[in-house]
Amino acid sequence: MPLFEHEYFERSRSPDGKSLPIRSAAFLQRMGPVLQVVVSVTKEHAEKLAKQAQPVPEAVAGFALIDTGASITAVDEGVCQKLRLAPTGVVTMSHAGGTERRSCYPVQIVFPGTQLSPLANPMVVSFKPVEAPQRYVLLFGRDLLRNLRMVYHGPAGRIELAF
Amino acid sequence: MEAKALESEVAYFDQHRQEFVAKAFGKFILVKGEKDYGFYDNPLEAYKAGVDLFGLEPFLIKEVLPQDQIHEIPAHYLGLTHASV
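Residues numbered from 1 in each chain as written. Chains lettered and ligands numbered in written order. Predicted model: local features only at pLDDT ≥ 70, side-chain atom pairs only at ≥ 80, totals over all residues.

Participant: Account for the overall build of chain A, naming residues and giving values.
Facilitator: Counting secondary structure elements, chain A contains 4 helices and 12 strands. Overall size of chain A, expressed as C-alpha extent along the three principal axes, is 55 × 40 × 40 Å. Every one of the 163 residues in chain A was classed for burial, and the buried ones make up 36%. Partitioning the intrachain contacts of chain A with sequence separation of at least 6 by distance along the chain shows that 64% fall at a separation of at least 24. (Helix = DSSP H or I, 4+ residues; strand = E, 2+ residues; numbered from the N terminus. Buried ≥ 20, exposed ≤ 12 C-beta atoms within 10 Å, placed from the backbone. Contact = placed C-beta atoms within 7 Å.)

As structure tokens, then:
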């Protein structure tokens, strides 16, 4: 079973401007299990555009949170608009105010700088943009986690994904 | 995005849901307009078929179940996905 390990490390600044390392464990606690991702149109979508001599929309880079509280993987709606995606599904979402139906879109997810294979997901639900800038472009839900084993190693500030 | 683009496909699926369940429980159906285009073992296969048939137009992929699954993303709906650090 291939294993991906990611140890978190970041630098911060002291009040007098000195660069300070943040311990991995503290960073993982603060940020959660995040991964760098690049979200693009699917291979099939890109091939269709190429056949029509249309330009392929530029991929969107950002952070994805592995969210064990989310039952489904979700992408920022703004990303779907930038990629000019057409919907492929509808799902019902539950929240404190009741339920709503949200559109799903097909995307390809690449994990730059890792040995993780690109992931084609034909039905990622969109989440609504809010006024503040989004911290994540993607939330990985339990639909992804059902296919792999994840270890959250708090003391070491590390996650391990076996897939 | 609130789901409005696929209203006719969803209505068609809901209208025929029971017969689809009897025929292909747990499979993924491809629907465009008021017509279905086969059942597939997984959503990726249905998606590839949809792109072959309809290009980049909207189409519906739906898991054939007696009732829709209700999903939740508490972090987003609690506003935590844009919290500052």
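Participant: Quick rundown of the interface of chain A and chain B? Include the residues and the values.
Facilitator: Contact residues are listed per partner, giving 44 residues for chain A and 34 residues for chain B. If you list the elements that add at least two residues to the side of chain A that touches chain B, you get helix H1 (24-31), helix H2 (43-51), helix H3 (77-82), strand E7 (89-95), strand E8 (98-110) and strand E9 (119-127) of chain A. With 7 residues, the single largest contributor to the side of chain A that touches chain B is E7(A). Among the residues making up the side of chain A that touches chain B, the classes are represented as 22 nonpolar, 13 polar and 9 charged. Here E7(A) runs beside strand E4 (residues 70-72) of chain B; their pairing, made up of 3 bridges, is parallel. When the sheet's bridge partners are listed, A:Thr92 is paired in E4(B) with B:Ile70. (Nonpolar A, V, L, I, M, F, W, Y, C, P; charged D, E, K, R; others polar. Pairing = 2+ DSSP bridges.)

Participant: Kindly report on the environment of A:Pro87, identifying the contributing residues and their values.
Facilitator: Structurally, A:Pro87 can be placed in the loop between H3 and E7. Assessed through the 24 C-beta atoms surrounding it within 10 Å, A:Pro87 is described here as buried. Spatially, the C-alpha atoms of A:Pro87 and A:Ile72 are 16 Å apart, while their sequence positions differ by 15 residues. Leaving out residues up to four positions away in the same chain, A:Pro87 has contacts with A:Ser103, A:Cys104, A:Tyr105, B:Ala5, B:Leu6 and B:Pro58.

Participant: Could you give me a rundown of the pairing of E7(A), with the residues and numbers involved?
Facilitator: Note: E7(A) against E8(A), 7 bridges, orientation antiparallel. The residue of E8(A) that forms the bridge with A:Ser94 is A:Thr99.

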